[in-house]
Amino acid sequence: MVDKVTEIVNFGMAIDVVRTLRQKIIAVRRKLGIGVCLRTVVLIFCLTFFWVQMHMSDVADNESIQILAKPDGLLDANDSMLQLVPQHLHKYLVALPQRDRPHQAILPGNASEHIATAVSLNASEIRRLIDQQNSKQVVLNEDVYGPLQNDSLVIVIQVHTRIMYLRHTIVSLARARGIENALLIFSHDHYDEQINELIQMIDFCKTMQIFYPYSIQTHPGSFPGESPEDCPRDIAKSDAIKRKCINAMHPDQYGHYREAKFTQTKHHWWWKANRVFNELDVVSNYSGPILFLEDDHYVAEDFIYMLKLMEKSCSVACPQCSILSLGTYLKTYNFYGEAKAEISQWISSKHNMGMAYNRTVWKQFVDCADTFCKYDDYNWDWSLQSVSNNCLSHEFKVFVLKAPRVFHIGECGVHHKKSCFDMALIAKVQKLLSSVYKYLFPEKLEVTYAPIKKKVLRKGNGGWGDVRDHELCLRMVNRQW
């Protein structure tokens, strides 16, 4: 609001300048001939134009500074959006006051993604903190909400560094009916004190944090991070062999060498699922479905209710369905009329958002670990598609909602470098859910069937030719690392 007032005042100043110049032109015209007057007008117009442009540039710079400084207050630049969020949840959209943190600083970077990084902690210190956290297996708020029950829900959220998106993901979870009975497990591939503080603020359900221990952050100069001895991505294999770089003999199918920032996501997804199903004490006796989300997913208020309704309907309509999917990438959604769910072949590009599956299905994944871990694609979902197509006796079937309850609000990922936090997209999802609220919490689901499509054997996107990635992936499920 202050910026708008300042802009109006400055614009008024510009008008005053123009008026003053106009008065001077009239005076000149009275004293001089019309030809001189025209030349004077053109000259003054050009000078005025350049002055206004320079001034507006300064205003834009000031606005950028205001955006960068925004974490000291509300992180939501759109006040109207806050009206859609209950007052008691605004705390998740507010950055905590900066206290004295000798090991932490706010780094400049993407103006729309405020990232706090432990800059003075070295990799060994971060590994020590991660090992401590993983070994303790602390469940927060268990004293308030009680132990995990088999009819509860476990939700696992994969987190990188996008705290701005994560804030809105948490707000959407807080608004969900039945969330007090859930356990939220946040899985991190980056140790970040500000993100830790945000998660530890959560008071609406039980929470837990786990940390992927083989990250770029914890291995900055060696595998699984990037080593100086690694081959550059685009070097020819013959030149790589001459250079004697470590992975010279193992480019991907397109002749490119590994990039750690891409391989990390697949490793993290695989490690996270194995950690939850096989290593966490809190879920050791839990046999229900586990819902997998990411830090840029936004959930509807009835997503837990719908997941349980899908379980009930699926047990009758599609007992062979392995995966429940609450999300979709459709551009338009139909919430009106009868609530519908579709039985379909699982397709990685359509059904990878808001996936839920149980321990039995995870065991099928692990039994096909060799296929998953050696498939030349750095995407976990495409690799899972290879498991479905090439390893299982029957392809995965999915039970998917036609009107989604999980929405993708992230405008960028590892492939994007530009500023990409889009408040308008979040507002659009919020307003959509508000407008269709009366259609949420349906009593039943109408089941439909998607046409069966011919199996397509995909070549894969590459990026996963290095045998070290294959071995690490396999060791994660064999606990040999």
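Each remark here, short or long, concerns the structure printed above.
Every value quoted in this text rests on a predicted model; they were computed, and no experiment measured them.

Definitions and limits used
Residues numbered from 1 in each chain as written. Predicted model: local features only at pLDDT ≥ 70, side-chain atom pairs only at ≥ 80, totals over all residues. Heavy atoms only, no water. Phe/Tyr/Trp six-rings, centres within 6.5 Å; stacked < 30°, edge-to-face > 60°. Helix = DSSP H or I, 4+ residues; strand = E, 2+ residues; numbered from the N terminus. Lys NZ or Arg CZ within 6 Å of the ring centre and 35° of its normal. Contact = heavy atoms within 4.5 Å. Buried < 20%, exposed > 50% of the residue type's maximum accessible area, 1.4 Å probe, protein only. Salt bridge = Lys/Arg side-chain N within 4 Å of Asp/Glu carboxyl O.

**Points about the packing of aromatic side chains**
Piece 1. In total, this model carries 19 aromatic pairs according to the counting rule given.
Piece 2. Relative to W271, the ring of Y212 lies with its centre 5.8 Å away and its plane at 65°, an arrangement referred to as edge-to-face. Here the residue Y212 occupies a position in the loop between β5 (206-211) and α8 (237-243), and W271 occupies one in helix α9 (residues 260-278), the gap between them amounting to 59 residues.
Piece 3. Through a chain of ring-to-ring contacts, the aromatic side chains of W269, W270, F277, F292, W346, Y357, W362, F365, F372, W380 and F396 assemble into a single cluster.
Piece 4. For the cation-ring pair, R177 lies above F441, with the distance from its terminal atom to the ring centre recorded as 3.8 Å.
Piece 5. Across the ring face of W464, the terminal group of K266 is positioned such that the distance to the ring centre comes to 4.0 Å.

**Here we look at the side chain of S313**
Piece 1. Residue position: S313 is located in helix α10 (residues 303-317).
Piece 2. Once residues lying within four places of it in the same chain are set aside, the contact partners of S313 are C318, F399 and L445.

**Re the environment of E142**
Piece 1. If you trace the backbone, E142 turns up in helix α5 (residues 142-145).
Piece 2. Residue class for E142 comes out partly exposed when judged on its relative accessible area of 32%.
Piece 3. Distance in space between the C-alpha atoms of E142 and K206 is 5.7 Å, their sequence separation being 64 residues.
Piece 4. Discounting chain neighbours no more than four positions away, the residues touching E142 are P147 and K206.

**Concerning the pattern of salt bridges**
Pairing is possible between side chains of opposite charge, provided their charged atoms come close.
Piece 1. Summed over all chains, the structure comprises 13 salt bridges.
Piece 2. Put simply, R162 and D295 hold a salt bridge, and the shortest N to O gap is 2.8 Å. Of this pair, R162 sits in the loop between β3 (153-159) and α6 (163-174) while D295 sits in the loop between β6 (290-294) and β7 (297-299), and the two are 133 residues apart along the sequence.
Piece 3. A salt bridge links E259 to R233; the nearest nitrogen and oxygen atoms lie 3.0 Å apart. Linking E259 in the loop between α8 and α9 with R233 in the loop between β5 and α8, this pair joins segments that are 26 residues apart in sequence.
Piece 4. Accessibility expressed as a relative area gives 33% for R233, which makes it partly exposed.
Piece 5. It is possible to trace a salt-bridge network through shared partners that takes in R162, D295 and D296.

Note that every value here comes from positions in space, so none of it alone points to a role or purpose.
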